[in-house]
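This is what each chain is made of:
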Amino acid sequence: MRQRLSSEPDRYRGRRRVPTPPRSRYAVVVTSAFVGAGVVALGAASNLPDNKAVDPDVLSSLSKGSSITTDALENRDDNAASRGENREANTQLSAEDAAQDIYLLPLDDYEFTSAYGVRFGKLHAGIDLAAPDGTPYKAVHGGTVTAAGYAGGYGYSITIRQDDGTEMIYAHSRRTLVNKGDVVKAGQVIGEVGNTGYSYGTHLHLEVHVNGTPVDPITFLEERGVSIKLQMESVYAALDAEAS
């Protein structure tokens, strides 16, 4: 902003913006002006030669007019307040929806050791994240537990089905902390890292099945704001943590 030189004329000296009165004062001002105008009109009419008394019907109509004006302004304020409450409710609903759609990392700290793909002539249908034995791991996304317990080569594992049918499998656990039928949310601790089943070293094996077919968890999660390799979570992670 350019500073005004002392030699320049002060074109705005003495000018002041009059503050706008609150809406409640508008009702009083408008009503007073309306009634006042009527009184002035009656006073002028009383000076006419043929006028001897104030017509009672005129006073009644003025009173009714002022009441209608006040009620209309009050109703306008009530409607505005109602619209504000509706906007707040919509904002809260949007925040809740965002929390339900959140995706998170399954572990706070880990080492990415094995990718999705063919290994030793067979499909390695998930990814491996190494962590110390007993490290708690969390649900990547909310859903319903459809299986929890020992499952052969997967060792102690958990399967969680999301609302859209996508399934996530957490395998080789030391132990599981949820049961079949439980409803879990993203970030909830559901088990501990272990070395059970066909496992070579302590780690969490994570699989993602879409329409019953395994897909690359790295690609799937990257499309939802989570990077396994960079250990970065969704942008909504902080919001979900505050709401919990």
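Scroll up to find the structure this text is about.
Calculation notes
- Residues numbered from 1 in each chain as written.
- Predicted model: local features only at pLDDT ≥ 70, side-chain atom pairs only at ≥ 80, totals over all residues.
- Heavy atoms only, no water.
- Helix = DSSP H or I, 4+ residues; strand = E, 2+ residues; numbered from the N terminus.
- Buried < 20%, exposed > 50% of the residue type's maximum accessible area, 1.4 Å probe, protein only.
- Contact = heavy atoms within 4.5 Å.
- Phe/Tyr/Trp six-rings, centres within 6.5 Å; stacked < 30°, edge-to-face > 60°.
- Lys NZ or Arg CZ within 6 Å of the ring centre and 35° of its normal.

Undergrad: Outline the overall build of the chain, listing residues and values.
TA: Broken down by element type, the chain carries four helices and 12 strands. When the 244 residues of the chain are sorted by exposure, 32% land in the buried category. Long-range contacts, defined as pairs at least 24 residues apart, comprise 59% of the intrachain contacts of the chain with a sequence gap of at least 6.

Undergrad: Before we move on, could you go through unusual backbone geometry and cite the residues and values that matter?
TA: Glycine aside, residues mostly have negative phi, and peptide bonds are mostly found in the trans state. Positive phi is not limited to glycine here, since H172 has a value of about 65°. Considering the arrangement of structural elements, one finds H172 in strand β8 (residues 167-176). The exposure class of H172 is buried, given its relative accessible area of 6%. For N211, which is not glycine, the phi dihedral falls at a positive 55°. When you line up the elements, N211 lands in the loop between β11 (203-210) and β12 (213-215).

Undergrad: Would you mind going over the packing of aromatic side chains in detail, with residue names and values included?
TA: Applying the stated rule across the entire model yields three aromatic pairs. Look at Y103 and F220: their rings are 6.0 Å apart centre to centre, the planes differ by 75°, and that puts the pair in the edge-to-face class. Taken together, the residues span a long stretch of sequence, with Y103 in the loop between α2 (56-100) and β1 (111-114) and F220 in helix α3 (residues 217-222) at a distance of 117 residues. When the ring of Y150 is compared with that of Y156, the centres are 5.1 Å apart and the planes differ by 80°; the resulting orientation is edge-to-face. Among the residues examined, Y156 registers a relative accessible area of 35% and is labelled partly exposed. Directly above the ring of Y103 sits R224, whose terminal nitrogen or CZ lies 5.8 Å from the centroid. Between R224 and the ring centre of F220, over which it is positioned, the NZ or CZ distance is 3.7 Å.

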